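One letter stands for each residue in the lines below.
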Amino acid sequence: MSCRFTSSIAGGGNLAFVGVGNKSSLPSKIEIEDVSFSNVNKGGKSFAASTGETNPNNIPGELNNNPLAALNVLNDTELAALRGAGLSDIEIGRQIELLGDIILFRGTTEGFPGHPALQRLGISPASTDPLVATVFALEGKAKGGNAVILFGTKQQLGNPAVDLGNVRRILEREVGVGLTPSDFARNAPNSVPVDKARQILSELGIADLPPSIQSTDEATRILKNTPRLSPEQILEFVRRSSN
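Residues numbered from 1 in each chain as written. Predicted model: local features only at pLDDT ≥ 70, side-chain atom pairs only at ≥ 80, totals over all residues. Heavy atoms only, no water.

A. Seen up close, the environment of E97. Note on placement: E97 falls in helix α2 (residues 89-99). The class of E97 is buried, set by a relative accessible area of 2%. Residues E97 and L71 lie 26 residues apart in sequence; the distance between their C-alpha atoms is 9.5 Å. (Helix = DSSP H or I, 4+ residues; strand = E, 2+ residues; numbered from the N terminus. Buried < 20%, exposed > 50% of the residue type's maximum accessible area, 1.4 Å probe, protein only.)

The following block contains the structure:
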């Protein structure tokens, strides 16, 4: 199923991207333009999204015969951070092609201000993968509170600095975002209840996560035994999270 969308960005203008879906509402500042359907693998584990068109002008959000051309929208620090999180250049470029930007996910509970050290440093750990964010939200759920996955594109978050994550950055697909956790929550245009995120991941055939996660050790075990989403699957997670 291939869909063509336009995403409004700060400063004016639209970024077009293609993906999978039905005509339905999407997260804030995203509008559906034209929708057509073709060729989706059964079970939703993987699918191809394509307009059948090339993108000779290397416009972010348009499919291109060379995904690496999309990397030029990133600065050196951002690219190093994403590579440091275990993403290949092809994966990074493909996500930019499909979504117009890198999407950053943060699993938390509503109103949680983050660790005092993160507040002082003005940094929010975030993941490029919604499964990782869901695991952390489920860990927060076990401690009490309304667990959610917050997300938005780098532009929607206000173009904060994006730098290397912590020592577990490959496992967690983590980058450090130059916002306090409270500012990340305020800026993020999208918030998905954790149980809905679990349902989406199950429907996509990615993983069946437990209703809550009781410890860091359990979270680590789950992260080590679950796959990371492809750019196409991330696009589908974003689409379904808005339904």
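More follows now that the structure is in view.
B. Quick peek at the nonpolar core. The biggest cluster of nonpolar side chains holds 31 residues, and the ones touching the most others in it are F105, L131, V135 and I149. Elements supplying a minimum of two residues to this core: α2, β4 (103-109), α4 (130-142), β6 (147-153), α7 (194-203), α8 (216-224) and α9 (231-241). Per-element tally for this core: the top contributor is α4, with six residues. Those residues in contact with F105, other than ones at most four positions away along the chain, are A126, S127, T128, D129, P130, A133, I149, L150, F151, I234, F237 and V238. Residues L104, A126, L150 and A188 belong to the second largest nonpolar core, which totals 22 residues. (Core = buried A, V, L, I, M, F, W, Y, C linked by side-chain atoms within 4.5 Å. Contact = heavy atoms within 4.5 Å.)

C. Looking closely at the pairing of β4. Extensive coverage of β4 is indicated by the burial of seven of its seven residues. Here β4 shows two buried faces, one formed by I103, F105, G107 and T109 and the other by L104, R106 and T108. The sheet contact formed by β4 and β6 spans seven bridges and is antiparallel. Bridging from a neighbouring strand, T108 pairs with V148 of β6. (Pairing = 2+ DSSP bridges.)

D. Representation of the pattern of salt bridges. In this structure the tally under the stated criterion is 11 salt bridges. One salt bridge connects R168 with E172, and the closest N-O pair in it is separated by 2.6 Å. Residue classification places E172 among the buried residues on the basis of a relative accessible area of 4%. For D183, the salt bridge identified is with R186, shortest N-O distance 2.3 Å. Of this pair, D183 and R186 both sit in helix α6 (residues 181-187), three residues apart, which is roughly one turn of the helix. Among the residues examined, R186 registers a relative accessible area of 60% and is labelled exposed. By sharing partners, the salt bridges in this structure join E203, E236, R239 and R240 into a single network. (Salt bridge = Lys/Arg side-chain N within 4 Å of Asp/Glu carboxyl O.)

E. Representation of unusual backbone geometry. With a phi close to 55°, N159 is a non-glycine residue in the positive phi region. A relative accessible area of 45% means that N159 is categorised as partly exposed. Positive phi, normally seen in glycine, also occurs at R173, with a value near 50°. Structurally, the position occupied by R173 is in the loop between α5 (169-172) and β8 (174-177).

F. Representation of the packing of aromatic side chains. Within this structure, the stated rule accounts for two aromatic pairs. Their ring planes at 35° and their centres at 5.2 Å tell us that F105 and F151 sit as a pair that is tilted. Taken as a pair, F105 in strand β4 and F151 in strand β6 lie far apart in primary sequence, 46 residues in all. We classify F105 as buried; its relative accessible area is 1%. (Phe/Tyr/Trp six-rings, centres within 6.5 Å; stacked < 30°, edge-to-face > 60°.)

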